[in-house]
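Report on the structure
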Amino acid sequence: KDFNGENQAGIGYYQLNIKNGKRQSVSKCYLEPVKDRKNLHIVCKAQCEKVLIDSNKNATGIIANIKGKSVTLHANKEVILSAGSIASPQILELSGIGQKSVLEKAGIALKHELPGVGENLQDHLTINVLYLLKDINTFYEEIRPFAMLKNLYLYYAKGRGLLAHPAAEIGAFFKTSDEHERPNAQIHFAPAASEVDAKGNMIPIDGITIAACGVRPQSRGSTHIQ
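For the structure given in this document, a descriptive report is provided here.

What counts, and where the lines are drawn
- Just so you know, the residues in each chain are numbered from 1, in the order the chain's sequence is written.
- Local features in this predicted model are restricted to residues whose pLDDT is 70 or higher, and side-chain atom pairs enter the listing and the counts only when it is 80 or higher, whereas totals over whole chains, interfaces and linings include all residues.
- Values reported for side chains reflect all heavy atoms of the structure, with hydrogen atoms and water molecules removed beforehand.
- Within this document, salt bridges are pairs made up of a side-chain nitrogen of Lys or Arg and a carboxyl oxygen of Asp or Glu, the two lying within 4 Å of each other.
- Note on exposure labels: buried denotes an accessible area under 20% of the residue type's maximum, exposed denotes more than 50%, and partly exposed covers the range between, all computed with a 1.4 Å probe on protein chains only.
- The criterion for strand pairing is that DSSP finds at least two bridges linking the strands in question.
- Comment: elements are numbered from the N terminus, with helices defined as DSSP H or I runs of at least four residues and strands as E runs of at least two.
- Lines fitted to C-alpha atoms define the axes here, with helix axes fitted over just the stretch in contact, and angles between the N-to-C directions of these axes take values from 0 to 180 degrees.
- What a helix is expected to span follows from its residue count: subtract one and scale by 1.5 Å.
- Here, the arc refers to the directions that run from the helix axis to the C-beta atoms.
- Throughout, a contact is declared for two residues whenever any of their heavy atoms are within 4.5 Å.
- To pair, rings of Phe, Tyr and Trp, with the six-membered ring standing in for Trp, must have centres within 6.5 Å; the planes then decide the type, stacked if under 30 degrees apart, edge-to-face if over 60, and tilted in the middle.
- In this analysis the charged atom, NZ for Lys or CZ for Arg, is taken to sit over a ring once it is within 6 Å of the ring centre and within 35 degrees of the ring normal.

A closer look at the pattern of salt bridges
Enumeration over the complete set of coordinates arrives at 2 salt bridges. Across the pair Lys35 and Glu32 runs a salt bridge whose closest N-O atoms are separated by 3.1 Å. Looking at Lys35, the relative accessible area reads 41%, which means it is partly exposed. Ionic pairing is found between Glu142 and Lys150, a salt bridge with its closest N-O pair at 3.5 Å. For Lys150, a relative accessible area of 42% corresponds to the partly exposed category.

Shown next, in the form of structure tokens:
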């Protein structure tokens, strides 16, 4: 009943961040309702280039590229870096925080040595199993011209239909053996399938997909600036 609950083992419907047929983003749910606050200023089309670090190793602001122009922004109280598993270590290293050898190779002055930056990167491998179908309705039939017209109407008029549907609606968490205390594998079930042509384009076909992935990988990698 609840994949985010105490026990994930089993099969069920994924919890979705879809409301009235539209996927809800962090921006839509958290920034949009409070964008008029006097103590909030949102800057679009901006990319953080580095965090400014003073001689006491305090973060005092950032340098950002805003619409092609380099701008320095100073902080009154604190700087919070929240840029994901790839961009966060990138910004830290560009700011002089990270492994000494990595920064020296990139020609960046070391502000604070922190060996863990960019290390222990984890990802999970997904293997797609396709099953071709006949005389059973899937997304393939729903993207045919006449069916798509119907789905366009359902989406804009009622927030329903194919365009309001998640990529994978049903999933499963399970153990590949009794050696594992908790589920170590996951399945995404999608009523759609595709093949890849010589140019790398995904071509829809009439079928379904079971995407199986290991969720507790033992391998570790790294990501560093070049």
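Looking at the sheet that holds strand β4 (residues 46-53)
Strand order in this open sheet of 3 strands is β4-β5-β6, and the pairing throughout is antiparallel. The open sheet is flanked by β4 and β6 (69-74), the only strands paired with a single partner. Direction aside, neighbouring strands of the sheet carry axes that sit 25° apart on average. Bridging between strand β5 (residues 59-66) and β6 involves 6 bridges; their strand directions are antiparallel. Residue pairing across strands places Ala64 opposite Val71, the latter belonging to β6.

What about the pairing of β4?
Sheet topology places β4 next to β5; 7 bridges connect them, and they run antiparallel. Note on β5: the bridge partner recorded for Lys50 is Ile63. Here β4 folds back onto β5 in antiparallel fashion, the turn holding 5 residues, of which Lys57 has a positive phi close to 65°.

Re helix α5 (residues 145-158)
A rise of 1.5 Å per residue sets the reference length of α5, with its 14 residues, at 20 Å; its end C-alpha atoms lie 20 Å apart and thus fit the reference within 8%. Residues of α5 that are buried include every one of Ala147, Asn151, Leu154 and Tyr155, and no others. In an axial view of α5, the angular spread of the buried residues amounts to 95°, which keeps them on one side of the axis. Of the residues in α5, the exposed ones pointing more than 90 degrees away from the buried face are Pro145, Phe146, Leu149, Tyr153 and Tyr156. Residues of α5 that are buried in the fold lie against β3 (22-23) and α4 (139-142).

Points about the packing of aromatic side chains
The full count for this structure, using the stated rule, is 3 aromatic pairs. For the pair Phe3 and Tyr14, a centre-to-centre distance of 5.4 Å together with 55° between the ring planes defines the contact as tilted. Note that Phe3 is positioned in the segment before β1 (10-13) and Tyr14 in the loop between β1 and β2 (18-19), a separation of 11 residues in sequence. Of the two residues examined, Phe3 and Tyr14, each falls in the buried class. Between Phe3 and Phe173 the ring centres are 5.0 Å apart and the planes differ by 70°, which places this aromatic pair in the edge-to-face class. Remark: Phe173 occurs in strand β10 (residues 170-174) and Phe3 occurs in the segment before β1; sequence separation between them is 170 residues. Assigned by exposure class, Phe3 and Phe173 land together as buried. Connected via pairs of aromatic rings, a cluster forms that spans Phe3, Tyr14 and Phe173. Positioned above the aromatic ring of Tyr140 is the side chain of Arg144, whose terminal nitrogen or guanidinium carbon lies 4.4 Å from the ring centre.

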